[in-house]
Amino acid sequence: MEQKWVVFQLEENAYGIDVQSVRSIERLIPITRIPNAASYVKGVINLRGVVTPVIDLRARLGFETVEETEETRIIIATLEHGDAGFIVDRANEVVESTDVRIEPLSEQKQEDASYLTAVAKGEQQLFSLIEPNRLFEDIVHA
């Protein structure tokens, strides 16, 4: 069965999320802060009448925070507990499974980053596959 992933960037690192999980990719819009939220929780947005939580994926994954640019996007993903968004540096492209080889992560890598599921390797690209539900687990279960 063919799979597709939306590939996005954080610094020079590329990540992929299953295209079936992606509801939309939005330009940065005003975000309402939530008091006492985790440092990586940016707040909520009103997206077409639906209040959607948003996290800063850079902060969530331990990258240094930078100023947003024209390329900054919010990827809205459909998760087990509803829609949520995460801010990325840029969303690049959609890649098909026929263009890459999927390799499982080592046990150590899985322990260090439970949100990663595998690595996709193509002729000129390499990106880590993310399970978006795992990025929001501690928010949902808090």
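For the structure, check the block above.
Scope of this entry: the structure provided in the associated data block.

Here we take up the nonpolar core. Of all hydrophobic cores here, the largest spans 26 residues; its most connected members are Phe8, Leu57 and Phe86. Elements with a contribution of two residues or more to this core: strand S1 (4-10), strand S2 (13-18), strand S6 (73-79), strand S7 (82-88) and strand S10 (116-121). Membership of the second largest hydrophobic core comes to 9 residues, among which are Val95, Ala118, Ala120 and Phe127.

Now for the pattern of salt bridges. In this structure the tally under the stated criterion is 8 salt bridges. Via salt bridges that share partners, Glu11, Arg58 and Asp89 belong to a single interconnected network.

Turning our attention to the sheet that holds strand S9 (residues 101-104). Pairing within the open sheet is mixed, and its 6 strands lie in the order S8-S1-S2-S11-S10-S9. Because the sheet does not close on itself, it has two edges, and the strands there are strand S8 (90-96) and S9. Shown here is a sheet whose adjacent strand axes are inclined to one another by a mean of 35°, direction ignored. Here S10 pairs with strand S11 (residues 126-130) via 5 bridges, running antiparallel. In the sheet register, Leu116 faces S11, and the bridge partner there is Ile130.

This part takes up the packing of aromatic side chains. Scanning the entire structure with this criterion turns up 3 aromatic pairs. With a centroid separation of 6.2 Å and an interplanar angle of 65°, the aromatic rings of Trp5 and Phe127 are classed as edge-to-face. Note that Trp5 is positioned in strand S1 and Phe127 in strand S11, a separation of 122 residues in sequence. Consider the rings of Phe8 and Tyr15, whose centres lie 5.8 Å apart with planes at 25°: the pair is stacked. Judged by relative accessible area, Phe8 falls into the buried class, the value being 0%.

Let's shift gears to the sheet that holds S7. Sheet architecture is open: 5 strands sit in the order S3-S6-S7-S5-S4, paired in mixed fashion. The open sheet has two edge strands, strand S3 (22-27) and strand S4 (41-47), and neither has a second partner. If you compare each strand with its neighbour and ignore which way they point, the axes differ by 30° on average. Pairing geometry for S6 and S7, over 7 bridges, is antiparallel. Within the sheet, the bridge partner assigned to Ile74 lies in S7 and is Ile87.

The next thing to look at is unusual backbone geometry. Phi angles above zero are rare outside glycine, and Asn36 is one such case at about 60°. Looking at the secondary structure, you find Asn36 in the loop between S3 and S4. Positive phi outside glycine occurs at Arg48, with the angle close to 55°. Relative to the assigned elements, Arg48 resides in the loop between S4 and strand S5 (50-56).

Conventions used here
Residues numbered from 1 in each chain as written. Predicted model: local features only at pLDDT ≥ 70, side-chain atom pairs only at ≥ 80, totals over all residues. Heavy atoms only, no water. Core = buried A, V, L, I, M, F, W, Y, C linked by side-chain atoms within 4.5 Å. Buried < 20%, exposed > 50% of the residue type's maximum accessible area, 1.4 Å probe, protein only. Helix = DSSP H or I, 4+ residues; strand = E, 2+ residues; numbered from the N terminus. Salt bridge = Lys/Arg side-chain N within 4 Å of Asp/Glu carboxyl O. Pairing = 2+ DSSP bridges. Axes fitted to C-alpha atoms, helices over the stretch in contact; angles between N-to-C directions. Phe/Tyr/Trp six-rings, centres within 6.5 Å; stacked < 30°, edge-to-face > 60°.

Honestly, that's just the spatial picture; any functional story needs more than this.
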